[in-house]
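Coordinates in review
Letter by letter, the chains look like this.
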Amino acid sequence: MSRPPLDGVVVADFSRVLAGPLATMTLADLGARVIKVERAGSGDDTRRWTPPASPRGGTYFDSVNRNKESIELDLSDDGDRSVAASLVDRADVVVENFRSGTMERLGLGYDEVRSRNLRVVYASITGFGPAEGAALPGYDFVVQALGGLMSVTGDADGEGMKAGVALVDVLTGKDVAIGVLAALASRAATGEGARIEVNLLSSLQGALANQAQAWLGAGSLPGRLGNIHPSIAPYQTLRCSDGAIAVACGNDGQFARLAATIGMPELASDERFATNPVRVANRAALEVILESTLADQPASHWEQLFTAAGVPAGHVATIAEGIDLAESLGLSPTIELRDSDGVPAGRQIRHPISWTPLFRARADAPPHLGQDSTRIRRWLDERPTPIEKGSS
C-alpha cells in the first residue's frame, strides 16, 4: 500500500453544517489530518439536526465528519482563541464558513494568519460573497431559490421545487476541495499558500451548465419541465404498469432500438420522430404512444429488455436499492467505520474516487464532541514557532 496522497497535511476546520465539512472530509478521506474546531458545549449545529439520530447526534452530522478529530473551543475566550491561533499557525489548510469579517475580528483572518504562516492555504466559504452579499445568510434552500435552480426543478404546472438533497452545499464543498488541492499543488512549486473564496451562489451557477447557457447564449429562459429534458426526447420518465421508468435516448440509434424493442420499429422512420429535433417538437404525441405500450408490463420488464438492447433505462429506485445496485456491480459503495476505541460504528458511503496504487484509507467514525481536545492541546504545545513555519 502507498502513502495516502495528503499524508502529513494538517487542516484546521472551522466550518459547520455541510459545504465546509464535506470539503474537509474529502481531504481527510485522502489522508489529511483534519482538526474540527467546534463551539464549546454545543458543537456543530448538525449534531442536533434530528431525527434520524446516531450516538454522536444527527446522522446529518455523521455524513460529512468522518476521519476527523474534534476540539471544543470558545472563540470569545482569550485563552481558547490563543489555542485557535496556534492551530492555524501549525496548519497547512484553514477552512472556515463564518459570516464575512468574523475570522478577522477574532484575529484569525487570512492576512494575520499569513503573516505568521506564509504557506497556509486559506479557504473561506460564504453564501453570496464577501462584498455586497456579505450580510445575506447562506442557506442552501434560499440559494436554490434565488440562484434559479428551483425555477427549473419541478412539474411544469407546479411550483418550484428544491432538490432532494442540499445540492448547492454539496457542489460548494466539492469546489472548495478542488481549490484547496490546486493551491497545495501550487504551493509545492512556489512555497507560498493562497487564499480561496467560494460562495454558494457561484457554485450553483457554475453547475447550471446547459440551463444557464441557454439563457446566456440564446436568450432562452429555461423553465420547469418535471422529468423531461429540454433538448432531448425521449429523455424522461414514462409510466409502466406498476410505476415509472427513466428512459434516456441520447441519439437516433438508441431511439430506433427502443422502438424495435417495444414492437414498433416504424416509429424510427415516422417523420414526427425520425430525428431528435422533431421528437422534441412532437414530444407529447410520442409520450402517449410510448406509455400506451409500456403500460402492458412492469418497469422491471422493460428495464431488462431496454438494457439488453442498449437503450439507457432504469426504474425509479430508492436510495437503498441504489446502494444495492452499486454493491451488485462490485463498486464497494460503503465502508465500515470504527469508533476511537475500535468498536464497529456502522457504515457510510465511501469517497467516490478509487485510487491506484491503493493506499490504506482511514475509516474513523465521526468524532464525539471534543473527544480529542486534550490530545490536540498537548500537540499544539509542541508546535514550531511562527517564524519557523513561515520561513520553511
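Just so we're clear, the structure is a prediction, and the values are computed from it rather than from any experiment. (Residues numbered from 1 in each chain as written. Predicted model: local features only at pLDDT ≥ 70, side-chain atom pairs only at ≥ 80, totals over all residues. Heavy atoms only, no water.)

1. With respect to the layout of surface pockets
- Of the volumes computed, that of the largest pocket is approximately 960 Å³.
- Within the residue set of the lining of the largest pocket, elements represented by two or more residues are α1 (19–29), α2 (59–62), α7 (167–190), α14 (319–328), β12 (334–338) and β13 (344–349).
- It is α7 that provides the largest number of residues to the lining of the largest pocket, a total of five residues.
- Within the lining of the largest pocket, the residues separate by chemical class into 20 nonpolar, six polar and seven charged.
- By volume, the second largest pocket amounts to about 600 Å³.
- Looking at the second largest pocket, it is lined by 28 residues, and the ones nearest its centre are Arg 16, Val 17, Asn 97, Gly 138 and Tyr 139. (1 Å grid on protein atoms, 1.4 Å probe; cavity = no way out; pocket = protein on both sides within 12 Å on 5 of 7 lines; lining within 4 Å. Points joined across faces, edges and corners; volume = space filled by probe spheres on them. Helix = DSSP H or I, 4+ residues; strand = E, 2+ residues; numbered from the N terminus. Nonpolar A, V, L, I, M, F, W, Y, C, P; charged D, E, K, R; others polar.)

2. A closer look at the packing of α7 against helix α8 (residues 200–207)
- Packing of α7 against α8 brings their axes to within 9 Å, and their N-to-C directions diverge by 95°. Relative to α8, the element α7 lies roughly perpendicular. Here Val 168, Asp 169, Leu 171, Thr 172 and Asp 175 of α7 lie close against α8, whose contacting residues are Leu 200, Ser 203, Leu 204 and Ala 207.
- Here the residues of the contact of α7 with α8 sort into five nonpolar, two polar and two charged. (Axes fitted to C-alpha atoms, helices over the stretch in contact; angles between N-to-C directions. Parallel < 35°, antiparallel > 145°, perpendicular 65-115°, else oblique. Contact = heavy atoms within 4.5 Å.)

3. Remarks on the pattern of salt bridges
- In total, this model carries 25 salt bridges according to the counting rule given.
- Residue Asp 7 is joined to Arg 3 by a salt bridge in which the shortest nitrogen-to-oxygen separation is 2.8 Å.
- You can call Asp 7 partly exposed: its relative accessible area is 36%.
- Since its relative accessible area comes to 61%, Arg 3 is described here as exposed.
- For Glu 69, the salt bridge identified is with Arg 375, shortest N-O distance 3.3 Å. With a gap of 306 residues between them, Glu 69 in strand β5 (residues 68–73) and Arg 375 in helix α15 (residues 373–380) connect regions that are remote in the sequence.
- Owing to a relative accessible area of 41%, Arg 375 belongs among the partly exposed residues under this scheme. (Salt bridge = Lys/Arg side-chain N within 4 Å of Asp/Glu carboxyl O. Buried < 20%, exposed > 50% of the residue type's maximum accessible area, 1.4 Å probe, protein only.)

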